[in-house]
Amino acid sequence: MQILDRIELYVVNAPLAAPFAPSWMPGTIRHNVSFTLARLITDDGVEGWSAFSGGGRDRAGIGDTMANLFLGQDPEDIERVSERIQIMAVGGNFNWWLEPAFWDIKAKNAGVPLYKLLGGTHDRIKLYASAGEIKEPAARREEAEARLEDGFDTMKIRIHDFDERVDIAHISDAATYMQGRMKISVDCNQAFRLTQNGAAPLWSLDRAKRFVDAAADVGLAWVEEPLFGEWHEEIARLTAYSRVPIAGGELHLMGYNELARMAKMGCYNIFQPDAMWAGGVKQGMDLSRLCRERGLKFTPHCWSNGFGFIVNAHVFAASGFADEMLYEYPFAPPGWVPEGRDAIIGQPFAHNRGWFDMPQTPGLGFEIDHRALEKHGRCFFKASRKERHWMPEALADIR
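Residues numbered from 1 in each chain as written. Predicted model: local features only at pLDDT ≥ 70, side-chain atom pairs only at ≥ 80, totals over all residues. Heavy atoms only, no water.

What follows is about the side chain of Asp104. Among the structural elements, Asp104 can be located in helix H3 (residues 99-110). Residue Asp104 is classed as buried on the basis of its relative accessible area, which comes to 2%. Here Trp49 takes part through its backbone nitrogen, which lies 3.1 Å from a polar atom of the side chain of Asp104. In this structure, Asp104 is in contact with Glu47, Gly48, Trp49, Gly363 and Leu364, ignoring residues within four places of it in sequence. (Helix = DSSP H or I, 4+ residues; strand = E, 2+ residues; numbered from the N terminus. Buried < 20%, exposed > 50% of the residue type's maximum accessible area, 1.4 Å probe, protein only. Polar contact = N/O pair within 3.5 Å; in protein donor to acceptor, adjacent residues only side chain to side chain. Contact = heavy atoms within 4.5 Å.)

Before going further, it helps to examine the environment of Val186. By the secondary structure assignment, Val186 is in strand S6 (residues 183-187). Residues Val186 and Ile159 lie 27 residues apart in sequence; the distance between their C-alpha atoms is 7.3 Å. Each residue touching Val186, except ones within four places of it in the same chain, is listed here: Lys156, Ile157, Ile159, Ile171, Phe211, Leu220, Trp222, Val223 and Glu224.

We now examine the pattern of salt bridges. Taken as a whole and judged by the stated rule, the model has 29 salt bridges. As a salt-bridge pair, Arg147 and Asp150 come within 2.9 Å of each other at their nearest N and O atoms. Residue Arg147 and its partner Asp150 are located together in helix H5 (residues 137-150), separated by three residues, close to a single helical turn. The exposure class assigned to Asp150 is partly exposed, which follows from its relative accessible area of 22%. A salt bridge links Glu328 to Lys156; the shortest N-O distance between them is 2.9 Å. Within this pair, whereas Glu328 is found in strand S11 (residues 327-330), its partner Lys156 is found in strand S5 (residues 154-158), the two being separated by 172 residues in sequence. Judged by relative accessible area, Lys156 falls into the buried class, the value being 0%. One salt-bridge network, in which partners are shared between bridges, spans Lys156, Arg158, Asp187, Glu224 and Glu328. (Salt bridge = Lys/Arg side-chain N within 4 Å of Asp/Glu carboxyl O.)

Among the structural elements, Phe321 can be located in the loop between helix H11 (306-318) and S11. Relative accessible area serves as the criterion here: at 0%, Phe321 is assigned to the buried category. C-alpha separation for the pair Phe321 and Thr299, spaced 22 residues apart in sequence, amounts to 7.3 Å. Setting aside residues up to four positions removed in sequence, Phe321 forms contacts with Ser288, Cys291, Arg292, Leu296, Lys297, Phe298 and Phe316.

This next bit is on the pairing of strand S4 (residues 124-130). With respect to burial, S4 is a largely interior element, five of its seven residues being buried. Alignment of S4 against strand S12 (residues 355-357), held across three bridges, turns out to be antiparallel. Within S12, the position partnered with Lys126 by the bridge is Trp355. Of the strand pairs in this sheet, S4 and S11 are connected by four bridges, and their pairing is parallel. Counted as the bridge partner of Leu127 is Tyr327 from S11. In terms of strand pairing, S4 meets S5 through two bridges, oriented parallel. (Pairing = 2+ DSSP bridges.)

What follows deals with the packing of aromatic side chains. The full count for this structure, using the stated rule, is 24 aromatic pairs. Residues Phe228 and Trp231 carry aromatic rings whose centres are separated by 5.8 Å and whose planes lie at 65° to one another, so their mutual orientation is edge-to-face. Among the aromatic side chains, those forming a connected cluster through ring pairs are Phe152, Phe309, Phe316, Tyr327, Tyr329, Phe331, Phe349 and Phe356. Lying across the ring of Tyr241, Lys209 places its NZ or CZ 5.0 Å from the centre. The residue whose ring lies beneath Arg341 is Phe309, and the NZ or CZ to ring-centre distance is 4.9 Å. (Phe/Tyr/Trp six-rings, centres within 6.5 Å; stacked < 30°, edge-to-face > 60°. Lys NZ or Arg CZ within 6 Å of the ring centre and 35° of its normal.)

The subject of this paragraph is the sheet that holds strand S3 (residues 47-53). Sheet architecture is open: five strands sit in the order S3-S2-S1-S13-S14, paired in antiparallel fashion. Among the strands making up the open sheet, the edge pair consists of S3 and strand S14 (388-390). Here the average twist between neighbouring strands, direction ignored, is 20°. Relative to strand S1 (residues 4-20), helix H1 (residues 62-70) is tilted by about 140°, and along the sheet it contacts S1, strand S2 (30-42), strand S13 (377-384) and S14. (Axes fitted to C-alpha atoms, helices over the stretch in contact; angles between N-to-C directions.)

A word on helix H10 (residues 280-293). The terminal C-alpha atoms of H10, which comprises 14 residues, lie 20 Å apart, in line with the 20 Å expected from a rise of 1.5 Å per residue. Those residues of H10 that are buried are in contact with H3, helix H4 (114-117), helix H9 (256-265), strand S9 (270-271), strand S10 (297-298) and H11. Gly295 sits one or two residues past H10 and shows a positive phi near 75°. (Expected span 1.5 Å × (residues − 1).)

A large share of S5 lies buried, amounting to five of its five residues. Burial along S5 is two-sided: Thr154, Lys156 and Arg158 and Met155 and Ile157, pointing in opposite directions, are all buried. Pairing analysis gives five bridges linking S5 to S6, with the strands arranged parallel. Looking at S6, one finds that Thr154 is bridged to Lys183. Each parallel crossover has a hand, and for S5 linked through helix H6 (residues 164-177) to S6 it is right-handed. (Right-handed = clockwise from strand over helix to strand, strands pointing away.)

So, on to the packing of helix H2 (residues 78-89) against H3. Running from amino to carboxyl end, H2 crosses H3 at an angle of 165°, the nearest separation of the two axes being 10 Å. The orientation of H2 relative to H3 falls into the category roughly antiparallel. The two elements H2 and H3 meet at a crossing, and its hand is right-handed. Of H3, the residues touching H2 (which contributes Ile78, Val81, Ser82 and Ile85) are Glu99, Phe102, Trp103 and Lys106. Considering only residue class, the contact of H2 with H3 consists of five nonpolar, one polar and two charged. (Parallel < 35°, antiparallel > 145°, perpendicular 65-115°, else oblique. Left-handed = near helix turned anticlockwise from the far one by under 90°. Nonpolar A, V, L, I, M, F, W, Y, C, P; charged D, E, K, R; others polar.)

This is the structure:
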């Protein structure tokens with residue numbers, strides 16, 4: 001039986017082409033794409049890779065726990081992998097992002113791309129452009145025109161103002177300006193409050209109702225995350241009230257169990273679990289089947305890095321929803337573009353006129369650019385079944 005023989009962990013910080021101000025983190029300017037990178041190696045040399053947002057010391061201590069839980073185990077036993085990731089969470093961190101690395105190994109063993117191993121047949125998936133920054137209406141018009149010229153027919157914009165009139169005016173202007181040429185949706189970024197660097201509005205149910213009324217009046221395609229993510233009852237009430245589809249569910253760390261409960265409660269019309277946060281590949285697939293059974297829609301979130309993009313693309317391509325839904329394409333030039341977002345991946349995941357061609361090589365379907373990894377990454381933990389090495393000096397000047 002094949003077993004997991006070695007683990008390597010890296011912190012990676014690679015420069016972006018220009019500063020990027022994510023709408024969901026007020027007061028934050030990002031100059032780098034930063035993540036923790038995991039490399040898993042079996043006793044017969046098969047490698048599995050995955051990476052998770054955050055390039056500081058936030059996950060520096062997981063190496064020994066990973067070694068204790070996964071070394072010597074069957075990497076294809078996804079049920080056991082999921083159980084052991086939950087054991088890790090007892091210590092305070094959910095690490096669902098590790099699970100796709102095991103799927104990478106499993107699909108490589110099978111000699112097929114992951115989405116085909118999962119039963120998918122869609123070699124090409126249609127995308128929507130996902131903007132990442134707050135802009136003034138005139139700049140948003142220019143952005144929408146640029147995305148239309150790129151080949152996208154749907155774009156998701158961002159709003160995050162304390163004054164609800166500003167938010168409503170923004171979506172109304174964009175939707176009216178692009179009417180008949182491009183569909184507009186909106187992410188309100190209310191589900192998770194990332195306020196460490198700046199204050200952010202907290203919407204009430206009443207404010208959300210007024211907003212979705214305005215969104216319906218101007219024909220928005222969907223409204224994403226209009227209420228705090230743990231307010232399940234309020235979300236269900238809003239979804240029942242709304243004349244425009246309500247979407248969400250991307251970062252729910254409890255994974256399938258919480259999201260299935262939310263689906264049964266009627267919390268969202270469109271579920272968007274991100275495999276890197278919300279339960280991994282398997283639980284994402286399980287939720288897609290539940291969505292089909294309950295007449296709901298499914299398309300994953302993927303704003304993180306190139307690893308998050310491609311993992312969730314495989315889930316979407318195999319979900320059964322690729323004929324009727326669009327997949328997210330994070331794109332906010334000049335700062336957030338594939339060359340920076342995908343950093344150490346040999347060939348950045350570029351769109352083709354609003355479509356994405358799924359990789360056909362086995363596993364997740366990419367090669368690591370080891371020269372870029374050497375330049376931008378630092379290995380801080382290595383373990384085999386025989387020995388372990390933790391290199392804290394690699395993290396000494398990381399902030």
